[in-house]
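The primary structure of each chain is shown beneath.
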Amino acid sequence: MTVLMDTHVLLWAAGFPDRLSRGTRDLIDDDETELLYSAASIWEVAIKSSLGRADFDVDPRILRRGLLENDYTELPVTGAHAAAVDLLPPIHADPFDRILIAQARIEGVVLLTADRIVGRYPGSIRVIRGRAGVS
């Protein structure tokens, strides 16, 4: 299975794996799972980190390097991805989430998210649960 992680799931997997359920960690650790991260997630981290958001307190360069060193594959944002955003119903307004949904649809991969609103989109989206006490 090939999975694209949304930004929060990616941050948890990279730096706070204890926030992920055992099942999600097993999926991520499975040698049969191809792990993708979007260039849009690195962009989101860079923007929100520079704005002082505590939940994005990470250097995007270090995050990217760590992901590549741990066999994640970077998925660039293409024109086809960007154009597909207008096909999405107006369920969610966050542009970063919308581009991730479009990328997953265009690439035919599963999007892993902890955002229940994102989970309302049609397609291959798996809403994961954080561990108790973690959103």
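Residues numbered from 1 in each chain as written. Predicted model: local features only at pLDDT ≥ 70, side-chain atom pairs only at ≥ 80, totals over all residues. Heavy atoms only, no water.

A. Fine view of the overall build of the chain. In terms of regular secondary structure, the chain is built from six helices and five strands. For the chain, the α and β elements follow one another from N to C terminus as β-α-α-β-α-α-β-α-α-β-β. The C-alpha radius of gyration computed for the chain amounts to 14 Å, which stays within 12% of the reference 14 Å derived for 135 residues, consistent with globular compactness. Here the chain, with 135 residues, has 40% of them falling under the buried criterion. By sequence separation, contacts in the chain at least 24 residues apart represent 63% of the contacts at least 6 residues apart. Surface summary for the chain: the accessible area is close to 7,400 Å², and the carbon and sulfur share equals 51%. Each charge class in the chain can be summarised by its mean position, and for the 15 positive and 20 negative side chains these summaries are 7 Å apart. (Helix = DSSP H or I, 4+ residues; strand = E, 2+ residues; numbered from the N terminus. Rg over C-alpha atoms; globule rule 2.2 N^0.38 Å. Buried < 20%, exposed > 50% of the residue type's maximum accessible area, 1.4 Å probe, protein only. Contact = heavy atoms within 4.5 Å. Areas by Shrake-Rupley, 256 points an atom, 1.4 Å probe, with all protein chains shown as cover. Lys, Arg positive; Asp, Glu negative; His and termini not counted. Charge placed at Lys NZ, Arg CZ, Asp CG, Glu CD.)

B. Spotlight on the packing of helix α3 (residues 39–50) against helix α4 (residues 60–69). Following both chains from N to C, one finds α3 and α4 inclined at 155°, their axes separated by 9 Å at the closest point. Comparing the axis directions of α3 and α4 gives the class roughly antiparallel. Note that α3 runs across α4; the crossing there is right-handed. Residues Ile-42, Val-45 and Ala-46 of α3 form the contact with α4, whose participating residues are Pro-60, Leu-63, Arg-64 and Leu-67. A per-class count over the contact of α3 with α4 returns six nonpolar, no polar and one charged. (Axes fitted to C-alpha atoms, helices over the stretch in contact; angles between N-to-C directions. Parallel < 35°, antiparallel > 145°, perpendicular 65-115°, else oblique. Left-handed = near helix turned anticlockwise from the far one by under 90°. Nonpolar A, V, L, I, M, F, W, Y, C, P; charged D, E, K, R; others polar.)

C. Examining the pairing of strand β4 (residues 110–113) more closely. Burial along β4 is two-sided: the residues Val-110 and Leu-112 and Leu-111 and Thr-113 are all buried. Pairing analysis gives three bridges linking strand β1 (residues 2–5) to β4, with the strands arranged parallel. Its bridge partner being in β4, Met-5 is matched across the sheet by Leu-112. One ladder, built from three bridges, connects β4 with strand β5 (residues 125–127); its direction is parallel. Looking at β5, one finds that Leu-112 is bridged to Arg-126. (Pairing = 2+ DSSP bridges.)

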